[in-house]
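# Residue-level structural notes
Chain by chain, the residues run as shown.
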Amino acid sequence: MDSIFSDVINLNKENFASLIEARYYLELNSARLAAERRDENDVRQMREAMADFEEKTRLQQPVVQEDMLFHI
């Protein structure tokens, strides 16, 4: 996992832009598929994760875990 982060850090400007572009399109399709395939339990879990994220943001606490849970 560390090598992934170091590879991203060491990308030149053009490669980094390409990485961001690829991620954009992957995330668009992933979000579309997730929306099409979701069930009520998925929606409940997303709402809970978002509420936790907003509460920690309000308290100015780190929100990395809540952000990750929302995207999962």
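Just so it is clear, the model here is predicted, and its values are computed rather than measured.

Calculation notes
Residues numbered from 1 in each chain as written. Predicted model: local features only at pLDDT ≥ 70, side-chain atom pairs only at ≥ 80, totals over all residues. Heavy atoms only, no water. Phe/Tyr/Trp six-rings, centres within 6.5 Å; stacked < 30°, edge-to-face > 60°. Buried < 20%, exposed > 50% of the residue type's maximum accessible area, 1.4 Å probe, protein only. Helix = DSSP H or I, 4+ residues; strand = E, 2+ residues; numbered from the N terminus. pLDDT = per-residue confidence, 0-100. Patch = residues over 30% accessible without salt bridge, like charges linked within 9 Å, V, L, I, M, F, W, Y side chains within 5 Å. Areas by Shrake-Rupley, 256 points an atom, 1.4 Å probe, with all protein chains shown as cover. Salt bridge = Lys/Arg side-chain N within 4 Å of Asp/Glu carboxyl O. Axes fitted to C-alpha atoms, helices over the stretch in contact; angles between N-to-C directions. Parallel < 35°, antiparallel > 145°, perpendicular 65-115°, else oblique. Left-handed = near helix turned anticlockwise from the far one by under 90°. Contact = heavy atoms within 4.5 Å.

Moving on, we get to the packing of aromatic side chains. As enumerated under the stated definition, the model contains one aromatic pair in all. Between tyrosine 24 and tyrosine 25, the aromatic rings sit 5.0 Å apart at their centres with planes inclined by 80°, giving edge-to-face as the arrangement. Overall, the relative accessible area of 47% leaves tyrosine 25 in the partly exposed class.

Another aspect to go through is unusual backbone geometry. Located in the positive-phi region is glutamine 60, a residue other than glycine, with phi close to 55°. Mapped onto the elements of the fold, glutamine 60 is located in the loop between α3 (40–58) and α4 (64–71).

Quick look at the confidence of the model for the chain now. Averaged over the chain, the pLDDT score is 85; the fraction of residues at 70 or greater is 85%. The secondary structure element of the chain with the lowest average pLDDT is helix α1 (residues 2–9), at 63, and the one with the highest is α3, at 94.

Here we come to a nonpolar patch on the surface. A cluster of nonpolar residues, Phe16, Leu19 and Ile20, forms a patch on the protein surface that exposes about 240 Å² of accessible area. For phenylalanine 16, the location among the structural elements is in helix α2 (residues 13–37).

Contact geometry of α3 with α4 gives a least axis separation of 9 Å together with a crossing angle of 160°. Regarding the angle of α3 to α4, the classification is roughly antiparallel. For the pair α3 and α4, the crossing hand works out as left-handed. Listed contacts from α4 to Met46, Ala49, Met50, Asp52, Phe53 and Lys56 of α3 are Glu66, Asp67, Leu69 and Phe70.

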